Amino acid sequence: MKRSQYIDLDKMRKAKPKTLSFRPLTLAIASITLAACSQPDEEVKIVASVDDCKANTSLTLEQCEVAYKQALEEAVRTGPRYGSQRQCEEDFGYDQCVRPQSSGFFMPMFTGFMIGNMLSNRSYTYNPVYQYRNSGSYRNRLMTADGTVVGMPGKRSYHVPPSTLKPKPKVTRTVSRGGFGSVASAKSSWGGGKSKGWGG
Amino acid sequence: MLRIPIAERPQWQQKAEEFGFEFHTMYGEIYWDETAYYQFTLEQIEKGIEEPTEDIHQMCLAVVEKVVNDEALMRRFCLPEAQWDFIRQSWRNGDPSLYSRLDFAYSGNGDAKLYENNADTPTSVYETGFWQWLWLQDNVDTGKLPAHTDQFNCLQEKLVNRFKEIKYLTPDRILHFSCCKDTPEDRGTVQYLEDCANEAGINTDFVYIDDIGRDEHGNFSDMDDHVINSMFKLYPWEFMMQETFSESLGKNNIRWLEPPWKSILSNKALLPMLWKMFPNHPNLLPAFFEDELHLASGVDSMVKKPIFSREGSNISFIGKNADIEASSGPYGEEGFIYQATHMLPKFGDSYTLIGSWLVDNQAAGISIREDRNPITQDMSRFLPHVIV
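Bear in mind the structure is a predicted one, so any value in this text is a computation, not a measurement. (Residues numbered from 1 in each chain as written. Chains lettered and ligands numbered in written order. Predicted model: local features only at pLDDT ≥ 70, side-chain atom pairs only at ≥ 80, totals over all residues. Heavy atoms only, no water.)

## Focus on empty space enclosed by the protein
All names here are of chain B.
Part 1: Evaluated as defined, the whole model comprises 5 cavities of 30 Å³ or more.
Part 2: Reported here for the largest cavity is a volume of approximately 380 Å³.
Part 3: Lining the largest cavity are 29 residues, and of these Y115, E116, G312, L353 and T376 sit closest to its centre.
Part 4: Of all the elements in the fold, those that place two or more residues in the lining of the largest cavity are β5 (99–105), β6 (113–118), β14 (301–306), β16 (336–340), β18 (350–359) and β19 (362–371).
Part 5: Taken together, the residues that form the lining of the largest cavity break down as 12 nonpolar, 11 polar and 6 charged. (1 Å grid on protein atoms, 1.4 Å probe; cavity = no way out; pocket = protein on both sides within 12 Å on 5 of 7 lines; lining within 4 Å. Points joined across faces, edges and corners; volume = space filled by probe spheres on them. Helix = DSSP H or I, 4+ residues; strand = E, 2+ residues; numbered from the N terminus. Nonpolar A, V, L, I, M, F, W, Y, C, P; charged D, E, K, R; others polar.)

## Concerning the packing of helix α5 (residues 125–141) of chain B against helix α6 (residues 155–169) of chain B
All names here are of chain B.
Part 1: Contact pair α5 / α6: the axes reach a minimum separation of 8 Å and the direction vectors enclose 115 degrees. With respect to each other, α5 and α6 are oriented roughly perpendicular. Between α5 and α6, the residues in contact are V125, T128, G129 and F130 and L155, Q156 and L159, respectively.
Part 2: Class assignment for the residues of the contact of α5 with α6 results in 4 nonpolar, 3 polar and no charged. (Axes fitted to C-alpha atoms, helices over the stretch in contact; angles between N-to-C directions. Parallel < 35°, antiparallel > 145°, perpendicular 65-115°, else oblique. Contact = heavy atoms within 4.5 Å.)

## What about helix α9 (residues 270–277) of chain B?
Part 1: For α9 of chain B, a buried count of 6 out of 8 residues is recorded, marking the element as mostly surrounded by other parts of the structure.
Part 2: Of the residues making up α9 of chain B, those classed as buried are L270, L271, P272, M273, L274 and W275 of chain B. (Buried < 20%, exposed > 50% of the residue type's maximum accessible area, 1.4 Å probe, protein only.)

## A word on the state of the cysteines
Residue and element names in this part refer to chain A.
Part 1: Following the criterion strictly, the structure yields 2 disulfides over all chains and no others.
Part 2: One disulfide in the model links C88 with C97; its S-S distance is 2.1 Å. Taking the torsion about the sulfur-sulfur bond, which here is approximately -85 degrees, the covalent link between C88 and C97 counts as left-handed. The residues C88 and C97 share a single accessibility class, namely buried. (Disulfide = S-S within 2.5 Å.)

## Quick look at the environment of F382 of chain B
All names here are of chain B.
Part 1: You can see F382 is positioned in strand β20 (residues 381–383).
Part 2: Overall, F382 belongs to the buried group, its relative accessible area being 0%.
Part 3: It is 5.7 Å that separates the C-alpha atoms of F382 and I368, two residues lying 14 residues apart in sequence.
Part 4: Residues within four places of F382 in sequence aside, it is in contact with Y31, W32, D33, S124, E127, T128, Q132, S367, I368 and R369.

## Some words on the domain arrangement of chain B
Residue and element names in this part refer to chain B.
Part 1: Assigned domains of chain B: these are domain 1 (2–267 + 347–387) and domain 2 (286–341).
Part 2: Listed as interface residues are 21 residues of domain 1 and, on the opposing side, 19 residues of domain 2.
Part 3: A combined buried area of about 1,700 Å² lies between domain 1 and domain 2, and 49% of that area is made up of carbon and sulfur atoms.
Part 4: Taken as a group, R76, E238 and I375 account for 35% of the area that domain 1 buries against domain 2, more than any other trio of residues on that side.
Part 5: Where domain 1 touches domain 2, the interface holds 3 salt bridges.
Part 6: For R76, the salt bridge identified is with E292, shortest N-O distance 3.2 Å.
Part 7: On the surface where domain 1 and domain 2 come into contact, there are 5 residue pairs in polar contact (both at pLDDT 80 or more).
Part 8: Of all elements in the fold, only β6 and α8 (237–240) reach the threshold of two or more residues within the side of domain 1 that touches domain 2. (Domains from an automatic or database assignment. Buried area = accessible area lost by both parts, 1.4 Å probe. Salt bridge = Lys/Arg side-chain N within 4 Å of Asp/Glu carboxyl O. Polar contact = N/O pair within 3.5 Å; in protein donor to acceptor, adjacent residues only side chain to side chain.)

Written out as structure tokens, the structure reads:
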């Protein structure tokens, strides 16, 4: 056989265009698309401090300290960033935002960090968790740095998609856009814009 | 190799919509055409197309090895000097490639002749890998074609497997896909490749080329300010390398698909280089640089092609066939190369071009384009094929 043996047609069908989810600046709310994820959820606990971690998970004090430190590093690396304190506080509440040393942006403080189920021995990241304060349907929800909604605070444990336990993409502060694409736009005036694209 | 008329599948347009194939008809003209198909024998496919495709790919890699080590050649290929290290480094690192498409003139008899190598931004991958596959499946299911009918098309399977290898090479990176705004075909192509990457278990995201941002350290970012560290771009390297953000290329830690060294292969200067390094190879046409046309004595008709061009733009005939109308377009400022004329085979009223796909270094299937003009262009019709 000289052709692909099998193609899963259900996967090739395109659903109706997804409605754009609400995005507070850099923070994308991703719960809607993740709900459709076929991978089984992981059970996690969310702890507010090293002490909380020690008291309520199977981790030792040393492990909890490592987890906290990692969550802190992840928060600096991947946490939501805002151009002003006011914008940040709009999303995360009064006095909940800090400016990291010698940086030009504001980040919310994380309210806790996620400890995965120790029985699954895959490696994961101790990701920070934030509490979203802005009004709307996500008010008071806990979420990860990329906007995945975890749930309302106060539960003993949460079920989250496995991806929430992976490191999040590094977030930066973009200073300019539009540095690519100029040659195509210069050439596209030719042919009355009837070109199908820039592939070949 | 035969062209055989066949009834269209009833309501195939509806099916196209269901599967998100939106560009089957463009500007009121048919692009996907299933009123006929091409039929090949297994030998025509394997000896006529598959073997030459893999051979030529190896020859092309030999050209890259030669060019990256020779500044005069880098200059001849019109690659901007500021990007030489970027290109060389990607080659020396062995940065993986995803796919390419070689275009051939082939009539079913004799040797397939290479027209060019779409090594950087090949399109029509969805129509090939999925849509013509589905066309065969439907026609076999409804008994219109015999059950043993086959097709040279394992493109989708190979793409998914290649993405699995790429995932292994760059674990935990989110692969950003990108193309220009307002290009429905390119957007469709990129979506398809993104689907293949997802199937391979790669986490993906999308950002338009025009929207890519840059931070103060020279990292590129998407619209959510996420740093890009792995990117598939359906946008020509020769464009990117002359645009503002090119000054950051090679200085930020990004794994590119296609890798920068592909800029040597998507370049028409490849054709005279191949002819120099592998003279008289049965699948090559004599080809020459503009300042070496004295080597072309005895060639009475040539095609003039811009060093950089896409989709058959700015091509003209000189010599014996100079009466054939040239194609227009926005390319050619970097100069031209000359390739001996070898007309496309004609089936009825149509000139027929074969695109032969490679995933990494393996032949992966073919696509067929038809046009009433001897120069096929971006609006040339796409027809399915079978092996019997």
